[in-house]
Amino acid sequence: MADDPVLCVLAGAGAGKTGVLTLRVARRSGDATGEALHTLVCTFSRKAADELRLRLFRLGVVGVTAGTIHRVALRILHDWRDANGGPVPTVLGDRRRLLEAVLTEHPVKRVTALHLEAEIGWAKARMIGPSEYEQGARRAGRVVRISLGVMADLFSAYEDARKRRGVLDLDDLLLESAVVMEDSPAFAEGVRWRFRHLYVDEMQDVNAAQFRLLRALVADEPDLFVVGDPNQSVYGWNGADPQLLAELPRVFPNTRVIRLDDNPRCSPAIVRL
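Remember, it's a predicted structure, so these values are computed and weren't measured experimentally.

## Looking at the sheet that holds strand β6 (residues 197-200)
The six strands lie next to each other as β3-β2-β6-β7-β1-β8, forming an open sheet whose pairing is parallel. In the strand order of this sheet, the two ends are held by β3 (65-68) and β8 (255-260), each with one partner. Neighbour to neighbour, the strand axes of the sheet diverge by 15 degrees on average, direction disregarded. Against the sheet, helix α3 (residues 69-84) makes contact with β2 (39-43) and β3, and its axis sits at roughly 110 degrees relative to β3, the strand it touches most.

## Some details on the packing of α3 against helix α9 (residues 185-194)
The angle between the axes and the distance between the axes are what describe a pair of packed helices. For the pair α3 and α9, interaxial distance at closest approach is 11 Å and the crossing angle is 130 degrees. What the angle tells us is that α3 and α9 run oblique. As for the relative orientation of α3 and α9, their crossing is right-handed in sense. Residues Arg75, Ile76, Asp79 and Trp80 of α3 form the contact with α9, whose participating residues are Phe187, Val191 and Arg194. By residue class, the composition of the contact of α3 with α9 is four nonpolar, no polar and three charged.

## Details of the confidence of the model for the protein chain
Confidence in the prediction for the protein chain averages 92 pLDDT; 97% of positions are at 70 or higher. Per-element averaging of pLDDT across the protein chain places helix α11 (residues 243-251) at the bottom with 87 and β6 at the top with 97.

## Observations concerning helix α4 (residues 96-105)
Taken residue by residue, α4 has Leu98, Leu99, Val102 and Leu103 as its buried positions. Buried residues of α4 fall within an arc of 145 degrees about the axis and therefore sit on the same side. Opposite the buried face of α4, by more than 90 degrees, sit the exposed residues Arg97 and Thr104. Those residues of α4 that are buried lie in contact with β4 (90-92), α5 (113-125) and α7 (148-165).

## Details of the nonpolar core
Counting residues in hydrophobic clusters, the biggest one holds 39 residues, and the most contacted among them are Leu198, Val200, Val206 and Leu217. The element best represented in this core is helix α10 (residues 208-218), accounting for seven residues. Discounting chain neighbours no more than four positions away, the residues touching leucine 198 are Leu40, Cys42, Leu214, Leu217, Val218, Asp223, Leu224 and Phe225. The next biggest cluster of nonpolar side chains, apart from the first, holds 22 residues, and it includes Leu116, Ile128, Met151 and Leu154.

## Topic: α10
Extensive coverage of α10 is indicated by the burial of eight of its 11 residues. Those residues of α10 that sit buried are Ala209, Gln210, Phe211, Leu213, Leu214, Ala216, Leu217 and Val218. Sitting at the amino-terminal end of α10 is asparagine 207, which places a side-chain oxygen 3.1 Å from the backbone nitrogen of alanine 209. Phi for alanine 219, located one or two positions after α10, is positive at around 55 degrees.

## Here we look at a nonpolar patch on the surface
On the surface, a nonpolar cluster with roughly 320 Å² of combined accessible area is contributed by Leu54, Phe57 and Val62. Summarising the element assignment, valine 62 is placed in the loop between α2 (46-58) and β3. Here valine 62 falls in the exposed class, since its relative accessible area comes to 57%.

## Considerations on the packing of α4 against α5
Where α4 contacts α5, the axes come no closer than 9 Å and their chain directions differ by 115 degrees. Classified by the angle their axes make, α4 and α5 are roughly perpendicular. For α4 against α5, the interelement crossing comes out right-handed. For the pair formed by α4 and α5, the contact residues are Arg96, Leu99, Glu100 and Leu103 on the first element and Ala113, Leu114, Leu116, Glu117 and Ile120 on the second. Here the residues of the contact of α4 with α5 are counted per class, giving six nonpolar, no polar and three charged.

Conventions adopted
Residues numbered from 1 in each chain as written. Predicted model: local features only at pLDDT ≥ 70, side-chain atom pairs only at ≥ 80, totals over all residues. Heavy atoms only, no water. Pairing = 2+ DSSP bridges. Helix = DSSP H or I, 4+ residues; strand = E, 2+ residues; numbered from the N terminus. Axes fitted to C-alpha atoms, helices over the stretch in contact; angles between N-to-C directions. Contact = heavy atoms within 4.5 Å. Parallel < 35°, antiparallel > 145°, perpendicular 65-115°, else oblique. Left-handed = near helix turned anticlockwise from the far one by under 90°. Nonpolar A, V, L, I, M, F, W, Y, C, P; charged D, E, K, R; others polar. pLDDT = per-residue confidence, 0-100. Buried < 20%, exposed > 50% of the residue type's maximum accessible area, 1.4 Å probe, protein only. Arc of directions from axis to C-beta. Core = buried A, V, L, I, M, F, W, Y, C linked by side-chain atoms within 4.5 Å. Polar contact = N/O pair within 3.5 Å; in protein donor to acceptor, adjacent residues only side chain to side chain. Patch = residues over 30% accessible without salt bridge, like charges linked within 9 Å, V, L, I, M, F, W, Y side chains within 5 Å. Areas by Shrake-Rupley, 256 points an atom, 1.4 Å probe, with all protein chains shown as cover. Salt bridge = Lys/Arg side-chain N within 4 Å of Asp/Glu carboxyl O.

Now the structure itself:
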């Protein structure tokens, strides 16, 4: 029921994170403080988006756009290409095959495509490119099977191969769409007009690249609701930074933080344990 422009709900396990989000969307749609057709809900899996739409439908709400942040990024790039010309971006759902090709051209002992995938994913989630990788990895204390310099060279070779093929990987979607929003004010205003009310589920699993896109979506007049629990972050491998939850009031000075500490899902014995 809060009317603050930016709300950060910290909800522990079983406290009803998705429930409070869907009830808020339904309340605002019902009292006309928010329009379903101008509402965007970012989730972290397609399954979660499907469940959220079903919950909203049961509450009598239709027309809300719900999907993963990557799907939102792809839609932004599609719209940008439609408005400005150029090919629709081709996206690598899994970059390991291309990484295997890179290792065939640049063989390195004890390194597999899986190792490269993890390290490149870590770097891109933090918006670290090949030229900054070695310094960033050393600062972060990354432990890899080979020297950081060799890893940086393989990262660079992968980027060259990706660009030659004219494709984006899933991490590139986030950065490319954020740059489009930042560099094209008129286009960005159109996107924000369509998505005036932004909700983020499981905020603790957002990484720096995703957060950059979220900031571009809300700009200087945020209508933002996030819910999460820093103790439940499970996407550390993808660069998730639960500290972003704590930093939200600094990024958006008018943020109101609300805690949901009761767990209605579990029995008292489980809660005590």
